[in-house]
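A structural walkthrough
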Amino acid sequence: MAGTETGARSAPANPHDLAGLEAGLDALDAVEVRRAPFAQVLLHKVLPPLTAVVLVLAVWKLLVVAEVTDDYKLPDPSAVWHSLEELWLRGTLLDIVWTSVSRGLLGFAAALALGTPLGLLVARVKFVRAALGPVLSGLQSLPSVAWVPAAVIWLGITDAAMYAVILLGAVPSIANGLVSGIDQVPPLYLRAGRTMGATGLRGARHVLLPAALPGYIAGLKQGWAFSWRSLMAAELIASSPDLGLGLGQYLENARTDSDMPGVLLGILLILFVGIAIDLAVFSPLERRVLRTRGLAAASR
């Protein structure tokens, strides 16, 4: 009996069974990525936000018809549309939007160039983390508008003041996002990288940054949000003809003229640009990173 059991234990495995097991493991590791049909995209991605916009406009119109407040406080949606048409017919709409967008993108690029190495330094050097970690967290919680008066005194009402406010608002978010992402990298990755000679800058480039991408991209999204908010605060407060007419300046001019349709239009344009940048840049980038890591949420 014992010999029979020993022979059964030492019998070679069936090649077909091993092939089946291998195929099953490969199927578990594989992530099927399919492009959703156009009708499904319309139903799940386009229709919900359009429905929300229609509902907001309907409630807005009902409030106007019900005369819940004076017209100069809550104008009809058609008045806001007429303000948009007027800017378009004048040929100034795109110039206003581009003035702010170009500043925001340039400031964000500078914040990215500063925040990334700063985040790496804070994440990997204990002394620097102990010294700068609390400062970065404090700066991230500080409202960006608080920097505007200081930037104006230091640099005057110039583009440099605008960029300074953007940097002070965005760099802490980008750095903290990268630190958070690096903290979630398994130590095994770092040991494997050192074994293969990826140390120092090579290790940061080939191991740390790729492994920390999800947290880093979350920091970039937040950094862009802080950049855009900081810029709008700066344009609202530090307005000058020398700076050109951006969205913040347009909003302030409408407030000065008691032009409530213009005020609401400025708010809607600022909101639209922020959403458009997120949908066009950061959301696709985030989905791509998640998809490469085999996360099911990426393909939805």
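Residues numbered from 1 in each chain as written. Predicted model: local features only at pLDDT ≥ 70, side-chain atom pairs only at ≥ 80, totals over all residues. Heavy atoms only, no water.

**Quick notes on the packing of aromatic side chains**
In the structure shown here, the tally under the stated rule is 3 aromatic pairs. Centre to centre, the rings of Trp224 and Trp228 are 5.7 Å apart; their planes meet at 20°, and the pair counts as stacked. Of the two residues, Trp224 and Trp228 are both situated in helix H11 (residues 213–237); the distance of 4 residues between them amounts to about one turn of the helix. In this structure Trp224 comes out as buried when scored by relative accessible area, which is 4%. The exposure class assigned to Trp228 is buried, which follows from its relative accessible area of 6%. Through a chain of ring-to-ring contacts, the aromatic side chains of Phe108, Trp224, Trp228 and Phe282 assemble into a single cluster. The ring of Phe226 carries Arg229 above its face, with NZ or CZ at 4.8 Å from the centroid. (Phe/Tyr/Trp six-rings, centres within 6.5 Å; stacked < 30°, edge-to-face > 60°. Helix = DSSP H or I, 4+ residues; strand = E, 2+ residues; numbered from the N terminus. Buried < 20%, exposed > 50% of the residue type's maximum accessible area, 1.4 Å probe, protein only. Lys NZ or Arg CZ within 6 Å of the ring centre and 35° of its normal.)

**Some details on the packing of helix H12 (residues 247–256) against helix H13 (residues 260–292)**
To describe two helices that pack against each other, one gives the angle between their axes and the distance between the axes. Direction vectors running N to C along H12 and H13 enclose 160°, while the axes themselves pass 8 Å from each other. Between H12 and H13, the interaxial angle falls into the category roughly antiparallel. Our pair here, H12 against H13, has a crossing hand that is left-handed. In this structure, H12 uses Leu247, Tyr250, Leu251, Ala254 and Arg255 to contact H13, whose residues at the interface are Gly262, Val263, Leu265, Gly266, Ile267, Leu269, Ile270 and Val273. (Axes fitted to C-alpha atoms, helices over the stretch in contact; angles between N-to-C directions. Parallel < 35°, antiparallel > 145°, perpendicular 65-115°, else oblique. Left-handed = near helix turned anticlockwise from the far one by under 90°. Contact = heavy atoms within 4.5 Å.)

**Side note on unusual backbone geometry**
Phi is positive for Glu67, close to 55°, though the residue is something other than glycine. Take Glu67: it is sitting in the loop between helix H3 (38–65) and helix H4 (77–90). A positive phi angle is found at Ser258, which is not glycine, with a value near 55°. Mapped onto the secondary structure, Ser258 falls in the loop between H12 and H13. Residue Ser258 is classed as exposed on the basis of its relative accessible area, which comes to 65%.

**Here's the deal with the pattern of salt bridges**
All told, the structure shown has 8 salt bridges when counted by the stated rule. With its nearest N and O atoms 2.9 Å apart, the salt bridge here joins Arg103 to Glu235. Of the two residues, Arg103 is situated in helix H5 (residues 93–124) and Glu235 in helix H11; the sequence distance between them amounts to 132 residues. Note that Lys221 is salt-bridged to Glu286, the shortest N-O span being 3.3 Å. With Lys221 in helix H11 and Glu286 in helix H13, the pair connects residues that are 65 residues apart, well separated along the chain. In this structure, a network of salt bridges that share partners links the residues Arg103, Asp159 and Glu235. (Salt bridge = Lys/Arg side-chain N within 4 Å of Asp/Glu carboxyl O.)

**Topic: the environment of Val152**
By the element assignment, Val152 lies in helix H7 (residues 147–155). On the basis of relative accessibility, which here comes to 24%, the residue Val152 falls in the partly exposed class. Distance from Val152 to Val165, taken between C-alpha atoms, is 9.5 Å for residues 13 residues apart in sequence. Beyond its immediate sequence surroundings of up to four residues, Val152 is in contact with Ile157, Ala161 and Ala238.

**Section: the side chain of Ser100**
Among the secondary structure elements, Ser100 is positioned in helix H5. Residue classification places Ser100 among the buried residues on the basis of a relative accessible area of 0%. In this structure the side chain of Ser100 is engaged in a polar contact, spanning 2.8 Å, whose partner is the backbone nitrogen of Leu247. Setting aside chain neighbours within four positions, we find Ser100 in contact with Trp228, Leu231, Met232, Glu235, Gly246, Leu247 and Gly248. (Polar contact = N/O pair within 3.5 Å; in protein donor to acceptor, adjacent residues only side chain to side chain.)

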